[in-house]
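Observations on the three-dimensional arrangement
Here is how the chains run, residue by residue.
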Amino acid sequence: MNLPSFQYFEPRSVKEASRLLRQGKGRGKILAGGTDLLNLMRMRSETPSFLVNLGALKELSFIRYDKAGGLRIGALTSLAAITESAEVRVRCPMLAQAAEKIASPQMRNAATLGGNILLDTKCPYYNQTPLWFESGIRCLKAGGDECLAVKGEKSCYAFWSSDTVPPLIALGARVKIVTAEKGRWLNLDKLYTGLGDKPVKIAADEILTEVLIPASSCRMKGAYLRFSQRETIDFPVVSVAVAAAVSRQGKIARLRIVAGGVDSAPKRLLRAEGLLRGKIMDGALAPAAAAMAAREVAPIKDVFYPSRFKRDVLRALVEDGILAALDAKEKRSPDGEA
Ligand SMILES: Cc1cc2nc3c(=O)[nH]c(=O)nc-3n(C[C@H](O)[C@H](O)[C@H](O)COP(=O)(O)OP(=O)(O)OC[C@H]3O[C@@H](n4cnc5c(N)ncnc54)[C@H](O)[C@@H]3O)c2cc1C
Ligand code: SF4
């Protein structure tokens, strides 16, 4: 399917990119790897009048670790670079595991971390061809009057299903958002609105430039698990990231459990976390926390999966994720430092 026509810009700096976007008053879009955006444009779900390609901004592609600050990853870093980075594999292995599950090797060469963090939500009634829309079936997000997945509803419930985001939130990641004049840092989980048709809080002239995983999180153990229809080239149906730190006495001192695919934003499973925090792991705790997690979510039924099925999958992934995370070996740096 052809792309619609659009103007194309290749700015030489983040400031220039932000100014171009501001002048466009919402009619322009940032192009990173294009693996999601260009598909949406082919489907005519997105019709920006111009694209601002960040490809020339090599300074946004980097992976750096320092003991005090933590692990910093530029927004334009490719998913392939993340999976191959010794620094990421040792400091935050579950991020490398998650990136490795995305799409295919060819797509991971083009796809970027920033694009994955700002991925649009997905829904079988919206991610459709122009032919489908010509038949008159148009839901709220596609400009119609009401939601088709939850009949008659005036809100959108499309699912958040980016793979890198649950691990990043579990690791307490922060993101830097920049305009031509200023920059701000915010906790990654604060970037999401929970609204299926407008999932991220980012202004038209704002650019995500980097992600920071604090040094204290780089010492946490972790696991990322997902269920998808196909092993490769497919989005997760449900995903779970668990990050944990255990005290010298064997108690779970810090813990975050984050799910994808069950809501319009990545979801912290706070009650399940509360059940485990401060406890010494025993055989009954992981299933109890997993059952609690399943009660914390209410995924809508979509055309492929009933809500009950997603809850059951989530319960299994949370139980396995807790056990896998707590079993994960203590981490060592590439140079042997603990
Ligand atoms: C067949 C197929 C399978 C896929 N499988 C998966 C999967 O398993 N898991 C998964 O998570 N994803 C999957 N994807 C989606 C997509 O490939 C990835 O999410 C990818 O990481 C998106 O990154 P990108 O650089 O290509 O983003 P783009 O498509 O370039 O951009 C995505 C969005 O982010 C915005 N954006 C990008 N960078 C910035 C920035 N720095 N600042 C502000 N806004 C920005 C763009 O304007 C756009 O709205 C799949 C896609 C396809 C087509
Ligand atoms: S959840 Fe409803 S409004 Fe949102 S994309 Fe799906 S059908 Fe459309």
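Residues numbered from 1 in each chain as written. Chains lettered and ligands numbered in written order. Predicted model: local features only at pLDDT ≥ 70, side-chain atom pairs only at ≥ 80, totals over all residues. Heavy atoms only, no water.

Let's shift gears to the sheet that holds strand S10 (residues 238-246). Taken together, the 4 strands give an open sheet; going across it, the order is S9-S10-S11-S12, and neighbouring strands pair in antiparallel fashion. Either end of the sheet is taken by a strand with one partner, and the two such strands are strand S9 (221-227) and strand S12 (267-268). In terms of strand pairing, S10 meets strand S11 (residues 252-260) through 8 bridges, oriented antiparallel. Within S11, the residue paired with Val240 across the bridge is Ala259. This element, helix H5 (residues 93-100), spans S9 and S10 of the sheet and lies at about 15° to S9. (Pairing = 2+ DSSP bridges. Helix = DSSP H or I, 4+ residues; strand = E, 2+ residues; numbered from the N terminus. Contact = heavy atoms within 4.5 Å. Axes fitted to C-alpha atoms, helices over the stretch in contact; angles between N-to-C directions.)

Attention now moves to the site of ligand 2. Inspection of the region around ligand 2 gives Cys123, Tyr125, Tyr126, Cys139, Leu140, Lys141, Cys147, Leu148, Ala149, Cys156, Tyr157 and Ala158 as its neighbouring residues. One can see that ligand 2 is located within the largest cavity. Classifying every residue of the shell around ligand 2 gives 11 nonpolar, no polar and 1 charged. (Near = heavy atom within 4 Å. 1 Å grid on protein atoms, 1.4 Å probe; cavity = no way out; pocket = protein on both sides within 12 Å on 5 of 7 lines; lining within 4 Å. Sits in = over half its atoms within 2 Å of the grid points. Nonpolar A, V, L, I, M, F, W, Y, C, P; charged D, E, K, R; others polar.)

Of all 8 residues that make up strand S8 (residues 207-214), 7 are buried, and the element is covered over most of its length. Where strand S5 (residues 70-74) meets S8, 5 bridges bridge the pair, whose relative direction is antiparallel. When the sheet's bridge partners are listed, Arg72 is paired in S8 with Leu212. In the sheet, strand S6 (residues 174-178) pairs with S8 via 5 bridges, with the strands oriented antiparallel. (Buried < 20%, exposed > 50% of the residue type's maximum accessible area, 1.4 Å probe, protein only.)

What follows concerns the site of ligand 1. Neighbouring residues of ligand 1: 32 residues in total, closest Ile30, Thr35, Thr112, Asp163 and Asp234. Leu37 is positioned such that a nitrogen or oxygen atom in its backbone is 2.8 Å from an oxygen atom of ligand 1. At a separation of 2.6 Å, an oxygen atom of ligand 1 approaches a polar backbone atom of Asp234. Contact with the protein chains covers 92% of the free accessible surface of ligand 1, which is 980 Å². (Polar contact = N/O pair within 3.5 Å; in protein donor to acceptor, adjacent residues only side chain to side chain. Areas by Shrake-Rupley, 256 points an atom, 1.4 Å probe, with all protein chains shown as cover.)

A few words on the side chain of Asp234. Structurally, the position occupied by Asp234 is in the loop between S9 and S10. In this structure Asp234 touches Arg226, Ser228 and Gln229, once residues within four positions along its chain are discounted.

In total, this model carries 17 salt bridges according to the counting rule given. Salt-bridge contacts for Arg12 lead to Glu10; the nearest nitrogen and oxygen are separated by 3.8 Å. The exposed category is assigned to Arg12, whose relative accessible area is 60%. Note on Glu10: relative accessible area 39%, which makes it partly exposed. (Salt bridge = Lys/Arg side-chain N within 4 Å of Asp/Glu carboxyl O.)

We now examine the packing of helix H12 (residues 285-296) against helix H13 (residues 307-327). Contact pair H12 / H13: the axes reach a minimum separation of 8 Å and the direction vectors enclose 145°. The handedness of the crossing between H12 and H13 is right-handed. Here Ala286, Pro287, Ala289, Ala290, Ala291, Ala293 and Ala294 of H12 lie close against H13, whose contacting residues are Arg311, Leu314, Arg315, Val318, Glu319, Ile322 and Leu323. When the residues that make up the contact of H12 with H13 are grouped by side-chain class, the tally is 11 nonpolar, no polar and 3 charged. (Left-handed = near helix turned anticlockwise from the far one by under 90°.)

Counting residues in hydrophobic clusters, the biggest one holds 44 residues, and the most contacted among them are Ile117, Leu168, Val175, Leu188, Tyr192 and Ile213. Of all the secondary-structure elements, those providing two or more residues to this core are S5, helix H3 (79-84), H5, helix H7 (113-117), helix H9 (165-170), S6, S8 and S10. In terms of residue count, the dominant contributor to this core is H5 (5 residues). In this view, Ile117 contacts Trp160, Thr164, Val165, Leu168, Val175, Leu188, Leu191, Tyr192, Val200, Leu208 and Val211; residues no more than four positions away in its chain are not counted. Listed in part, the 29 residues of the second largest apolar core include Val242, Ile257, Ala289 and Leu314. (Core = buried A, V, L, I, M, F, W, Y, C linked by side-chain atoms within 4.5 Å.)

Looking now at the environment of Ala241. Positionally, Ala241 belongs in strand S10. For Ala241, a relative accessible area of 0% translates into the label buried. Between the C-alpha atom of Ala241 and that of Glu319, which follows or precedes it by 78 residues, the distance is 11 Å. Setting aside its immediate chain neighbours within four residues, Ala241 contacts Met94, Pro166, Pro167, Ala170, Ala223, Tyr224, Arg256, Ile257 and Val258.

Looking now at the pairing of S5. Within a regular strand, the side chains alternate between the two sheet faces. Of all 5 residues that make up S5, 4 are buried, and the element is covered over most of its length. Where strand S4 (residues 63-66) folds back on S5, the antiparallel hairpin that results is connected by 3 residues.

The next point concerns H12. With 12 residues, H12 should reach 16 Å at 1.5 Å per residue; the first-to-last C-alpha distance of 17 Å fits that figure. Buried residues along H12 sit in contact with S12, helix H11 (270-276) and H13. (Expected span 1.5 Å × (residues − 1).)

This brings us to empty space enclosed by the protein. Tallying each qualifying case throughout the model produces 2 cavities of 30 Å³ or more. Together, 13 residues line the largest cavity, and Cys123, Cys139, Cys147, Cys156 and Tyr157 are the ones closest to its centre. Here the lining of the largest cavity is built from residues that sort into 12 nonpolar, no polar and 1 charged. (Points joined across faces, edges and corners; volume = space filled by probe spheres on them.)

Read these as layout, nothing more, since geometry by itself doesn't imply function.
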